[in-house]
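Examination of the molecular architecture
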Amino acid sequence: MTTSSSAIDNRRVIIRTVELRKSFVKKGVTTEALRGIDISIFQGEFISVMGPSGSGKSTFFNMIGGLDSPTSGRVFIDEVDVAQLTAEELAYLRCHKIGYIFQSYNLIKYMTALENVTTPMAFGGVGPDEARERGMSLLELVGLKARWHHRPIEMSGGQQQRVAIARSLANDPSVLLCDEPTANLDLSTGQEILELLQKLSHEKGVTVICATHDHRMMDICDRLMWIRDGKIERIANRGDVRIEIGGIE
Amino acid sequence: MKPITTAEQPWLSFKRTIDITIDGIRYRLFRASVTVAIIILAVAFLTNVLAEGLIKSKINAHVTERQTINQRVYDWSARLATPGDTESLLEELAMTKEGSRLFRECRQLTDMNDSELTQLCRQSQSIVVFLGFLNRLDYAKRRSLVHTAEGLAVLQWLRLPRNMASFQQALGTIHSVKCPLSQDELNRMLDDFPAMEIQLKRILDARAQAIQTLSRHLAGRPLLEALCETDSGFGSLIRQAGFMLDSEEAALISRQARAIQDELLIESLLEVRLIRQTRTHDGSTSSHTTQPVRQFLAQASSQLPSDVTTLDLWTMLESPRNARLLSERLLEMQDSSSASDDVHLEALPPHFLRAISMPPERFVELAESRREASSLEKAARLIGVREDVFFGLDERMAWLLVISLLVCGVGITNAMMMSVTERFKEIATLKCLGALDGFIMLMFVLESSAMGLVGGCLGALFGGLIGFIRMLFAFGPEFFSAMPIGNLFLGMGASVLIGTILAAVAAIIPSFKAARLAPMEAMRVE
Ligand SMILES: Nc1ncnc2c1ncn2[C@@H]1O[C@H](COP(=O)(O)OP(=O)(O)O)[C@@H](O)[C@H]1O
Ligand SMILES: [Mg+2]
């Protein structure tokens, strides 16, 4: 690890991975998607994970989001070993602690925007009236209050992604995992989404981990991490990167 | 900022689960309707098989009952003609119980008391059971057990200790054969038999005596004719001779006997001849003979007079209008024969001419009862020999039922599997949002049961209706009143239940698989 400024070292570590490895075996061919990742992510930081397609970003995401189990190594979320959790505890973790945002939005097609947003609340045990109220305010936050009754097919990609963001915030999570949130969007819509994420990170203090190709991400994140062939190539603070790029150009 | 603690995820409320499930079904209405169509077909088949089985077994019972009532007069003419043999009496006694007609009759004919008779019935039962057991064996086994003895001779044969020993030995070696009587029961039966035989003979003798008394009273009159008066004079003669006959039965028998007699009379009308004598001018006479009823029928059905059968006669007489026409025609002929010396009606034997003065309503009544009898016969033939295995279904139908259940199960499982597979992404997303495995399973099982319920109701309705209509056409509308409507609804209800449960069970495996999938594995399938 090259850089890690002393200013954030004393902050709380929210996600930590130790020697994280994941390999897929398909028809006897083993693909090593992750080949030993060690990283600590601090509370409230906005970290951007960059790397070419196939480098292992999504795999890394699934590991730290508790969506898949590693071949070896460990993932600690708030110092709790994810591998030790029961199915119910994992469900609780996914419901309350982590918000997921996907490249393809993954809204439930047969639910309205509001229902999509309130479903995780229902899973978390929030009553319908409170869920509705909170859902509306989240839709207001992403600027879609007027379209609460629309179904995903009746909305544009950007609008769908904003509903997905509102949904990911349903149970006030500590961590927001975004897997290429802007990849399917045009430039200006992507920009809006990025600004929304930045706002959330600043106003709500949510830890945002964002995989992306999008170079505009460099402007808004606190820290950057490059992955190549399942290994961390480099980690840098935004300030340092600016200077370097400036130097290169 | 709150720290991450892990706690157990609560269950989603049942109402919300149902809401989500229904929304899901509505969104995929087309796929759901295909699944429901499969269920409808399967349940319809199931209900159809069940309904037709139920209807057939009910109609069978109805036909048997009606036929035994219609046969009462034949039973009595047999009873009053011959005392029967020992074996048939044994069978009668084995099936009777205290207080029955036969029981009271035996008590009256002989001077046996109730306990003697009850014992006789019980002993007859064990003999009938034993002989029935032997009769069901194949030839080789039977031969090794009782050699070539048949019927009651078997008991005679077994009374020899040597034969009994060989019987016991053979029974010991043939393992597939199980004798319904124990050794003690067998011995007791054999010991009792000589005394029984004497009692049986007493009954038979008394019967023969009674028959003789009766035939003296008949003095050569045909029995059928006498039976027509069972409700009056002849009935009391029967009772005096020692037979048991209640007034209801007497009325039934005389009615049936009269019907048979009248039928014969009416059928003889075909052979009635009209002879017309004409004198020629030279003083000699020539006669001209016609069969007026044949001619009448031949005209009505456009056939040759010689081709007309009794069947045509009865078919025609079913219509009151035709019956009246025929009756008028007959009376006309009678009038003309009494008005002129040259014309006269003739039938062989002469008393058959009585049929001419029968009212036309009687023609219609008899024609209709004949039609009923023939439709009962047709129904009995349609049903054939049946052996109920399950719910009034014979073995073949029970198999069909099992297969239709399998088809139903496989069809629904397949539909659910497809439905689950195409929803992997949705399942994964729901799991990312914190859904428990149990919720995912419940969602699919609910969805499947809902489809099972809808498909089951429609299928049961179709299947039941089709079965009902098919059976109605097969047996004819006369059997409408014999349809087991209540049982039919019960069967339909059972089919709905089976469809729903089957659908729910069929969804368990695929939804269990889906629920257990790690979210990202499911997500990857697109
Ligand atoms: N389920 C899987 N089975 C086999 N190979 C996989 C699977 N998931 C990912 N991979 C492989 O792992 C590597 C990393 O994939 P991924 O994490 O999706 O990359 P990225 O998101 O950076 O494009 C790729 O080479 C990919 O082919
Ligand atoms: Mg990816």
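Residues numbered from 1 in each chain as written. Chains lettered and ligands numbered in written order. Predicted model: local features only at pLDDT ≥ 70, side-chain atom pairs only at ≥ 80, totals over all residues.

A word on the overall build of chain A
- Summing up its helical and strand segments, chain A has nine helices and 10 strands in all.
- The 249 residues of chain A split such that 47% are buried.
- Restricting the contact set of chain A to residue pairs at least 6 apart, pairs at least 24 apart contribute 69%. (Helix = DSSP H or I, 4+ residues; strand = E, 2+ residues; numbered from the N terminus. Buried ≥ 20, exposed ≤ 12 C-beta atoms within 10 Å, placed from the backbone. Contact = placed C-beta atoms within 7 Å.)

Focus: the overall build of chain B
- Each helix and strand counted, chain B has 22 helices and three strands in total.
- With 526 residues in all, chain B has 31% of them scored as buried.

With respect to the interface of chain A and chain B
- Listed per partner, the contact involves 31 residues of chain A and 28 residues of chain B.
- For the side of chain A that touches chain B, the secondary structure elements donating two or more residues are α3 (87–97) and α4 (113–123) of chain A.
- With nine residues, the single largest contributor to the side of chain A that touches chain B is α3 of chain A.
- For the side of chain A that touches chain B, the residue count by class is 16 nonpolar, eight polar and seven charged. (Nonpolar A, V, L, I, M, F, W, Y, C, P; charged D, E, K, R; others polar.)

Concerning helix α12 (residues 233–241) of chain B
Residue and element names in this part refer to chain B.
- Of all the residues in α12, the buried ones are Phe 234, Gly 235, Ile 238 and Ala 241. The buried residues of α12 all sit within an arc of 125° when viewed along its axis, so they share a single face. In α12, the exposed residues that point more than 90 degrees away from the buried face are Gly 233 and Gln 240.
- Of the residues flanking the end of α12, it is Gly 242, one or two places downstream, whose phi is positive at about 120°. (Arc of directions from axis to C-beta.)

Describing the packing of helix α6 (residues 114–136) of chain B against helix α10 (residues 183–218) of chain B
Residues and elements named next belong to chain B.
- For the pair α6 and α10, interaxial distance at closest approach is 10 Å and the crossing angle is 120°. In terms of orientation, α6 lies oblique with respect to α10. In this structure, the crossing between α6 and α10 has a hand that is left-handed. Seen from α6, the contacting residues are Leu 120, Gln 123, Ser 126, Ile 127 and Phe 130; seen from α10, they are Glu 185, Met 189, Asp 192, Met 196 and Gln 199.
- For the contact of α6 with α10, a count of residues per class yields five nonpolar, three polar and two charged. (Axes fitted to C-alpha atoms, helices over the stretch in contact; angles between N-to-C directions. Parallel < 35°, antiparallel > 145°, perpendicular 65-115°, else oblique. Left-handed = near helix turned anticlockwise from the far one by under 90°.)

Notes on the site of ligand 1
- Every one of the 13 residues lining ligand 1 counts as a neighbour, but Phe 24, Ala 33, Lys 57, Ser 58 and Thr 59 of chain A are closest to it.
- Among the chains of the assembly, those with residues near ligand 1 are chains A and B.
- Elements with a contribution of two residues or more to the shell around ligand 1: β1 (13–26), β2 (29–42) and α2 (57–64) of chain A.
- A total of three residues in the shell around ligand 1 trace back to one element, the largest contributor, which is α2 of chain A. (Near = placed C-beta within 6 Å.)

Quick notes on unusual backbone geometry
- The residue Asp 229 of chain A is not glycine, and still its phi comes out positive at about 50°.
- Its place among the elements puts Asp 229 of chain A in the loop between β9 (223–228) and β10 (231–237).
- Given 14 C-beta atoms within a 10 Å radius, Asp 229 of chain A is considered partly exposed.
- Despite not being glycine, Ala 219 of chain B shows a phi value in the positive range, around 50°.
- For Ala 219 of chain B, a count of 6 C-beta atoms within 10 Å translates into the label exposed.

Quick notes on the sheet that holds strand β6 (residues 98–101) of chain A
All names here are of chain A.
- One open sheet holds the six strands; their spatial order is β6-β7-β8-β3-β9-β10, and the pairing between them is mixed. Strand pairing shows two members of the sheet lacking a second neighbour, β6 and β10, which therefore form its edges. Direction aside, neighbouring strands of the sheet carry axes that sit 15° apart on average.
- Alignment of strand β3 (residues 46–50) against strand β8 (residues 207–212), held across five bridges, turns out to be parallel. Among the inter-strand pairings, Phe 46 is bridged to a residue of β8, identified as Val 208. (Pairing = 2+ DSSP bridges.)

Description of the sheet that holds strand β4 (residues 72–77) of chain A
Residue and element names in this part refer to chain A.
- If you walk across this open sheet you meet the four strands as β2-β1-β4-β5, and the pairing is antiparallel. In this open sheet, the two edge strands, each paired with only one partner strand, are β2 and β5 (80–81).
- Most of the contacts of α2 go to β1, to which it runs at about 120°, and overall it touches β1, β2 and β4.

Things to note about the pairing of strand β2 (residues 285–290) of chain B
All names here are of chain B.
- Across the six residues that make up β2, only a small minority, zero, are buried.
- Relative to β2, strand β1 (residues 273–279) is paired through six bridges, and the arrangement is antiparallel. Of the residues in β2, the one forming a bridge with Arg 279 is Thr 285.
- Between β1 and β2, which pair antiparallel in sequence order, lie five residues; one of them, Gly 283, sits at a positive phi of approximately 95°.

Brief notes about helix α21 (residues 485–516) of chain B
- Here α21 of chain B spans 47 Å end to end across 32 residues, near enough to the 46 Å set by a 1.5 Å rise per residue.
- Where α21 of chain B bends most, the angle comes to about 30°, and this point is Ile 508 of chain B, followed within four residues by the proline Pro 510 of chain B. (Expected span 1.5 Å × (residues − 1). Bend = angle between axes of the 7 residues up to and from the residue.)

A look at the nonpolar core
- Of all hydrophobic cores here, the largest spans 131 residues; its most connected members are Val 49, Leu 139 and Leu 177 of chain A together with Ile 39, Ile 412 and Ile 440 of chain B.
- At 17 residues, helix α2 (residues 29–70) of chain B tops the list of elements feeding residues into this core. (Core = buried A, V, L, I, M, F, W, Y, C linked by C-beta atoms within 7 Å.)

What about the packing of helix α6 (residues 157–168) of chain A against helix α7 (residues 187–204) of chain A?
Residues and elements named next belong to chain A.
- Where α6 meets α7, the closest approach of the two axes is 10 Å, and the angle between their N-to-C directions is 15°. By the angle between their axes, α6 is roughly parallel relative to α7. Note that α6 runs across α7; the crossing there is right-handed. Where α6 approaches α7, its residues Gly 157, Gly 158, Gln 161, Arg 162 and Ile 165 are matched on the opposing element by Thr 189, Glu 192, Ile 193 and Leu 196.
- Its residues assigned to classes, the contact of α6 with α7 comprises three nonpolar, four polar and two charged.

Here we look at the confidence of the model for chain A
- Chain-level statistics for chain A give a pLDDT mean of 88 and a share of 93% at 70 or above.
- Contacts for the low-pLDDT stretch residues 1–8 of chain A, under 50 throughout, to residues beyond four places or in other chains number 10 contacts. (pLDDT = per-residue confidence, 0-100.)

Section: the environment of Glu 32 of chain A
Residue and element names in this part refer to chain A.
- By the element assignment, Glu 32 lies in strand β2.
- For Glu 32 and Asp 229, which are 197 residues apart along the polypeptide, the C-alpha to C-alpha distance reads 8.3 Å.
- Excluding its chain neighbours within four sequence positions, the residues that come into contact with Glu 32 are Ser 23 and Gly 230.

Considering the environment of Arg 35 of chain A
All names here are of chain A.
- Structurally, the position occupied by Arg 35 is in strand β2.
- With 15 C-beta atoms counted inside 10 Å, the residue Arg 35 sits in the partly exposed group.
- Sequence separation of Arg 35 and Arg 21 is 14 residues, and the distance between their C-alpha atoms is 4.9 Å.

Some words on the environment of Ala 355 of chain B
All names here are of chain B.
- With respect to the helices, strands and loops of the structure, Ala 355 is situated in the loop between β3 (343–346) and α17 (360–383).
- Put simply, Ala 355 and Ser 268 are 87 residues apart on the chain and 8.2 Å apart in space, counted from C-alpha to C-alpha.
- Beyond its immediate sequence surroundings of up to four residues, Ala 355 is in contact with Leu 265, Ile 266, Ser 268 and Leu 269.

Details of the confidence of the model for chain B
Residue and element names in this part refer to chain B.
- When pLDDT is averaged along chain B, the result is 83, and 96% of the positions lie at 70 or above.
- Element-level mean pLDDT values for chain B span from 73 in helix α22 (residues 519–524) up to 90 in helix α20 (residues 437–475).
- Confidence metrics for the complex model read pTM 0.69 and ipTM 0.89.

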